Amino acid sequence: MTALAGGHLAVDFASGSVPALIPFMTDRFHLGYALAAMLLLAATASSSLVQPLFGLWSDRRGALWLIPGGTMLAAVGVAGAAISPVYPLVLGLVLVGGLGVAAFHPEGAKVAAYASGHKRASGMSYFNSGGNAGYALGAFATGQLVVWLGLVGGVVAMVPVLLASLALARVTPHLSGLMPETGVTAYDRGDDRRRAMALLGVVIALRSVAWFTLLAFVPLWIVSLGHSKADGSRLLFLMLLAGAAGTLLLGPVADRIGLRSTLVITQALITPLILVFVYIGGVGGALALMLVGVCVVGTFGVTMVLSQLYLPRHVGMASGLSIGLAMGIGGVAAVVLGAVADAVDLKTALTISAFAPALGVVFCLRLPAPAKRALTLADPGPVVVVLPTD
């Protein structure tokens, strides 16, 4: 789990670097809000929308090499985008980096599920805490490096990610020992519940409308209020760091009070917290934004576990859907709301995004309980990993 969480940290460090680059790319290429959001959409579309395909590949064939390979591709794509001389090439390389992110997640999440034992929500929260911390650190470190070194700082930021991919390549053979318990087949774990997964997908998508709008525009909103780009990067970092802490907090909470209850409560809090950030601001607004991070990022593990329990026959695809396809809709929404910001103003766009999670609460309340058989048998139980000796 340490290796998997570390790999998750590295690949999402690369992913988190993209929002930090947006304000600097906006100045370099004289972009409007819509074209600025297009950079986030490029990263999101490639890292999210194709994840179910990698998940299907993972379920049918298994592909542990995607864990180090995806991490390396993410580093190369983001580093190249940081120093590209023209905007179309930046978009293309961000897409390439996003494919690396997409390749890592379904396989990494599937193996992490096997390593989680019977406390699935807690185990997946540990796995996701690596990714969430990496996303936060990527946004902060890359932003600071670009302030100090110019856009070449984006290349420097990807060096640790590249080194992490090499380390993952060395431990990948050991991960092959993490297998489901003998005799538990996909059919033993229960039937897929596609309607329940569709409802969960709607919840994640509506939550993502607000989340990706914040990722794209929090730094630009802070700049519009008269503060510096560095101030915007720091606030983005605090939001993401709070989300990483929320992952460790809400995983055990979900194991205790239930997955659906945790999701309903956090989803209901997102709208008022965003409105406090936009309309009140100051220290209170910053704290509200950090709590948004806790509510959104902190429940990534919850939605991933629910998706795996709703689709027990296709654990890899379930992971791809929960952190891929549904979240990709948020990237599309960010571009649409960027156009709203260009046509009206950024405050209006942020306000519109805030109400999407409120609609998601309605769908949260309609989510069925995971089947008891799936809840019991989808957990692969204790796993013994035998490491090679000298």
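In what follows, the accompanying structure is described. Keep in mind that what you see is a predicted model, and the values were worked out from it rather than measured. (Residues numbered from 1 in each chain as written. Predicted model: local features only at pLDDT ≥ 70, side-chain atom pairs only at ≥ 80, totals over all residues. Heavy atoms only, no water.)

**Considerations on the overall build of the protein chain**
Definition in use: Under the DSSP-based scheme used, a helix requires at least four consecutive residues in state H or I and a strand at least two consecutive residues in state E, with every element numbered from the N terminus. Burial here depends on accessible area, computed with a 1.4 Å probe over protein chains only, as a share of the maximum for the residue type. Under 20% is buried, over 50% is exposed, and the range in between is partly exposed. By definition, residues are in contact when any of their heavy atoms lie within 4.5 Å. To be clear on the numbers: accessible area is Shrake-Rupley with a 1.4 Å probe, and residue cover counts the displayed protein chains and nothing else.
Regarding its fold elements, the protein chain presents 16 helices and 0 strands. Classification of the 390 residues of the protein chain by burial places 60% in the buried group. Pairs at least 24 apart in sequence give 85% of the contacts found in the protein chain among residues at least 6 apart. Carbon together with sulfur atoms contributes 70% to the accessible area of the protein chain, which is approximately 14900 Å² in total.

**Quick look at empty space enclosed by the protein**
Keep this limit in mind: Using only the protein atoms, space was sampled on a 1 Å grid; points where a 1.4 Å probe fits but cannot get out form cavities, open sets with protein on both sides within 12 Å along at least five of seven lines form pockets, and lining residues are those with an atom within 4 Å of a point. Grid points are joined across faces, edges and corners, and a volume is the space filled by probe spheres set on the points.
The tally for this structure, following the rule as stated, stands at 3 cavities of 30 Å³ or more. In this structure, the second largest cavity occupies an estimated 60 Å³ of space. As for the second largest cavity, its lining consists of Val-18, Leu-21, Ile-22, Met-25, Leu-39, Val-78, Ala-81, Val-90 and Val-94. Secondary structure elements with two or more residues in the lining of the second largest cavity: helix H1 (2–29), helix H4 (66–83) and helix H5 (87–115).

**Considering the packing of helix H10 (residues 259–279) against helix H11 (residues 282–297)**
Rule in force here: Angles here are taken between N-to-C directions and fall from 0 to 180 degrees, while the axes themselves are lines fitted to C-alpha atoms, restricted in helices to the stretch in contact. Just so you know how the angles are binned, under 35 degrees is roughly parallel, over 145 roughly antiparallel, 65 to 115 roughly perpendicular, and the rest oblique. A clockwise turn of the near helix away from the far one marks a right-handed crossing, whereas an anticlockwise turn of less than a right angle marks a left-handed crossing. Throughout, the ten residues Ala, Val, Leu, Ile, Met, Phe, Trp, Tyr, Cys and Pro are labelled nonpolar, Asp, Glu, Lys and Arg are labelled charged, and all others, Gly among them, are labelled polar.
Look at H10 against H11: their axes get within 8 Å of each other, and the N-to-C directions meet at 155 degrees. Relative to H11, H10 is oriented roughly antiparallel. Between H10 and H11 the crossing geometry is left-handed. For the pair formed by H10 and H11, the contact residues are Thr-266, Leu-269, Ile-270, Leu-273, Ile-274, Val-276 and Phe-277 on the first element and Gly-284, Gly-285, Ala-288, Leu-289, Leu-291, Val-292, Cys-295 and Val-296 on the second. The residue inventory of the contact of H10 with H11, partitioned by class, reads 12 nonpolar, 3 polar and no charged.

**Digging into the pattern of salt bridges**
To keep things clear, this is the line we draw: The term salt bridge refers to a pairing of a side-chain nitrogen on Lys or Arg with a carboxyl oxygen on Asp or Glu at a separation within 4 Å.
Under the defined criterion, the tally for this structure stands at 1 salt bridge. Ionic pairing is found between Asp-231 and Arg-234, a salt bridge with its closest N-O pair at 2.5 Å. Of this pair, Asp-231 and Arg-234 are both found in helix H9 (residues 229–257), 3 residues apart, which corresponds to roughly one turn of the helix. Of the residues examined, Asp-231 reaches a relative accessible area of 28% and is grouped as partly exposed.

**Here's the deal with the layout of surface pockets**
Taken as a whole, the largest pocket spans an internal volume of roughly 240 Å³. If you go around the largest pocket, you meet 16 residues; those closest to its centre are Ile-222, His-227, Leu-235, Phe-277 and Gly-282. Mapped onto the lining of the largest pocket, the elements with two or more residues apiece are helix H8 (194–224), H9, H10 and H11. Looking at the lining of the largest pocket element by element, the count peaks at 4 residues for H9. Residues belonging to the lining of the largest pocket are distributed by class as follows: 10 nonpolar, 4 polar and 2 charged.

**As for the side chain of Ser-165**
Examined against the element boundaries, Ser-165 turns out to sit in helix H7 (residues 153–175). Given the relative accessible area of 1%, Ser-165 is considered buried. Look past the residues within four positions of Ser-165 in its chain and what remains in contact with it is Pro-68, Thr-71 and Met-72.

**Things to note about the environment of Phe-54**
Counting through the fold element by element, Phe-54 comes out in helix H3 (residues 51–60). Once you skip the residues sitting within four places of it in the chain, Phe-54 turns out to touch Leu-66, Leu-99, Ala-102, Ala-103 and Pro-106.

**Notes on unusual backbone geometry**
Phi at His-30 takes a positive value of approximately 55 degrees, unusual for a residue other than glycine. Looking at where His-30 falls in the secondary structure, it is placed in the loop between H1 and helix H2 (33–49). Relative accessible area serves as the criterion here: at 71%, His-30 is assigned to the exposed category.

**What to know about the packing of aromatic side chains**
The criterion, for reference: Here is the rule: rings of Phe, Tyr and Trp (six-membered ring for Trp) pair when centre to centre is within 6.5 Å. Planes less than 30 degrees apart are stacked, more than 60 are edge-to-face, and the remainder are tilted.
Tallying each qualifying case throughout the model produces 4 aromatic pairs. Between Tyr-33 and Phe-217, the ring centres sit 6.0 Å apart and the planes meet at 90 degrees, which makes this aromatic pair edge-to-face. Here the residue Tyr-33 occupies a position in helix H2, and Phe-217 occupies one in helix H8, the gap between them amounting to 184 residues. Note on Tyr-33: relative accessible area 24%, which makes it partly exposed. Ring geometry for Phe-140 versus Phe-237: centroids 4.5 Å apart, planes at 35 degrees, classification tilted. Of this pair, Phe-140 sits in helix H6 (residues 120–149) while Phe-237 is found in helix H9, placing the two residues 97 residues apart along the sequence.

**Here we look at a nonpolar patch on the surface**
Which entries qualify depends on this criterion: Residues form patches when they are more than 30% accessible in relative terms and have no salt bridge. Like charges link within 9 Å. Nonpolar side chains (Val, Leu, Ile, Met, Phe, Trp, Tyr) link within 5 Å.
Taken together, Met-72, Val-76, Val-159, Leu-162, Leu-163 and Leu-166 make up a surface patch of nonpolar side chains, about 510 Å² in accessible area. Within the residue set of the nonpolar patch, elements represented by two or more residues are H4 and H7. When residues of the nonpolar patch are assigned to their parent elements, the largest contribution, 4 residues, is made by H7. Its location among the elements puts Leu-162 in helix H7. When its relative accessible area of 37% is taken as the criterion, Leu-162 is described as partly exposed.

**Focus on the nonpolar core**
Quick note on the threshold: Nonpolar cores were defined as sets of buried Ala, Val, Leu, Ile, Met, Phe, Trp, Tyr and Cys residues, with membership established by side-chain atoms within 4.5 Å.
If you look at the biggest cluster of nonpolar residues, it comprises 112 residues, and the most contacted ones within it are Met-158, Trp-211, Leu-214, Leu-215 and Leu-240. Examining the composition of this core, we find that 19 residues originate from one element, H8, more than from any other. In this view, Leu-214 contacts Pro-219, Leu-236, Met-239, Ile-274, Phe-277, Leu-289, Val-292 and Leu-350; residues no more than four positions away in its chain are not counted. Residues Phe-54, Ala-63, Leu-66 and Ala-102 belong to the second largest nonpolar core, which totals 5 residues.

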